[in-house]
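Spelled out from the first residue to the last, the chains are:
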Amino acid sequence: MRRPERLDDTERKCLDDLCERSPALATTTQYARRLATMVRERRSEHLALDVWLADVRLDGQPELRTLAGGIRRDRAAVLAALTTTLTSGAVEGNVTRIRLLKRQMYGWANFDLLRRRILLSP
């Protein structure tokens, strides 16, 4: 789903027609846009997420209720993702690099050689 302002006329007209035919799709689109805005703008307002969760629970589609249930279970992690600018990208990159080296050396050498290769690789 792109931002509404980035849709061209044909896409906007098609989406409007679909939403007119299916009220469930219109509702789902509104909730998805609200959530996307919260994530994109990294809103730190706890109330905005709570309001979204309550709205989905009251009148959302079953699939959205499932999503909201997952967000509710991991509420602390979701709020941390919305409020902090820190990411684990560097760590994940190193983990990926180490896994790649491990797969390349599978069956070829012992742990000492793997360790040396990990430490010396760029």
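Here the structure is a predicted model, which is why all the values come from computation and not from measurement.

Draft legend 1. Local environment of the overall build of the protein. Looking only at helices and strands, the protein features seven helices and zero strands. For the protein, the N- to C-terminal ordering of α and β elements is α-α-α-α-α-α-α. Here the C-alpha radius of gyration of the protein, 22 Å, is well above what a compact globule of 122 residues would show, namely 14 Å. A principal-axis box enclosing the C-alpha atoms of the protein has dimensions of 65 × 35 × 25 Å. Expressed as a percentage of the 122 residues in the protein, the buried residues total 20%.

Draft legend 2. Looking closely at the pattern of salt bridges. Counting across every chain of the model gives four salt bridges. The salt bridge partner of K13 is D17, with a shortest N-O separation of 3.4 Å. Pair noted here: K13 and D17 are both in helix α1 (residues 9-21), with a separation of four residues, about one helical turn. Classification of K13 as exposed rests on a relative accessible area of 52%. The salt bridge partner of D55 is R34, with a shortest N-O separation of 3.0 Å. Here the residue D55 occupies a position in helix α3 (residues 46-59), and R34 occupies one in helix α2 (residues 23-41), the gap between them amounting to 21 residues.

Draft legend 3. Looking closely at the packing of aromatic side chains. Under the counting rule described, the total for this entry stands at one aromatic pair. Each ring, one from Y31 and one from W52, has its centre 6.5 Å from the other, and the planes form 90 degrees; the classification is edge-to-face. Linking Y31 in helix α2 with W52 in helix α3, this pair joins segments that are 21 residues apart in sequence. The residues Y31 and W52 share a single accessibility class, namely buried.

Draft legend 4. Geometry of the state of the cysteines. Following the criterion strictly, the structure yields zero disulfides and no others. The structure places no disulfide on C14, whose sulfur is separated from the nearest cysteine sulfur, that of C19, by 9.5 Å.

Draft legend 5. Main features of the nonpolar core. Core analysis: the largest hydrophobic core is formed by 13 residues, its most contacted members being M38, L49, W52, L53, V56 and I71. Broken down by secondary-structure element, the contributors of at least two residues to this core are α2, α3, α4 (62-73) and α5 (75-83). In terms of residue count, the dominant contributor to this core is α3 (five residues). L53 has contacts with A68, I71 and R72, leaving out every residue within four places of it along the chain.

Draft legend 6. Quick look at the environment of L114. Examined against the element boundaries, L114 turns out to sit in helix α7 (residues 111-120). Using a relative accessible area of 17% as the deciding quantity, one classes L114 as buried. As a C-alpha pair, L114 and K102 span 12 residues in sequence and 7.0 Å in three-dimensional space. Look past the residues within four positions of L114 in its chain and what remains in contact with it is L101, K102 and M105.

Draft legend 7. Here's a closer look at the packing of α1 against α2. Relative orientation of the contacting elements α1 and α2 amounts to 125 degrees, with a least axis distance of 5 Å. Classified by the angle their axes make, α1 and α2 are oblique. Across the interface between the two elements, L15, L18, C19 and R21 of α1 pack against P23, L25, A26, T29 and R33 of α2.

Each value, and the rule that gives it
- Each chain has its residues counted from 1, following the order in which its sequence is written.
- Owing to the predicted nature of the model, reporting of local features is limited to residues with pLDDT of at least 70; listing and counting of side-chain atom pairs is limited to 80 or more, with chain, interface and lining totals taken over all residues.
- In computing side-chain properties, one takes all heavy atoms of the structure into account and sets aside hydrogens as well as water.
- Numbering of helices and strands runs from the N terminus; a helix is a DSSP stretch of H or I covering at least four residues, while a strand is a stretch of E covering at least two.
- We compute the radius of gyration from the C-alpha atoms alone; for a globule the expected value is 2.2 Å times N to the 0.38, where N is the number of residues.
- With a 1.4 Å probe rolled over the protein chains alone, any residue whose accessible area is under 20% of its type maximum counts as buried; one over 50% counts as exposed, and the rest are partly exposed.
- Salt bridge, as applied in this entry: a Lys or Arg side-chain nitrogen positioned within 4 Å of an Asp or Glu carboxyl oxygen.
- Any two rings among Phe, Tyr and Trp, with Trp reduced to its six-membered ring, count as a pair given centres within 6.5 Å; such a pair is stacked if its planes are under 30 degrees apart, edge-to-face if over 60, and tilted if neither.
- The disulfide criterion used throughout: a pair of cysteine sulfur atoms within 2.5 Å.
- For this analysis, a nonpolar core means a set of buried residues of the types Ala, Val, Leu, Ile, Met, Phe, Trp, Tyr and Cys, connected via side-chain atoms within 4.5 Å.
- Contacts were defined at the residue level, with two residues in contact if any of their heavy atoms lie within 4.5 Å.
- Inter-axis angles, ranging from 0 to 180 degrees, are taken between N-to-C directions of lines fitted to C-alpha atoms, where helices are fitted over the stretch in contact.
- In these notes the angle categories are as follows: under 35 degrees is roughly parallel, over 145 is roughly antiparallel, 65 to 115 is roughly perpendicular, and the rest is oblique.

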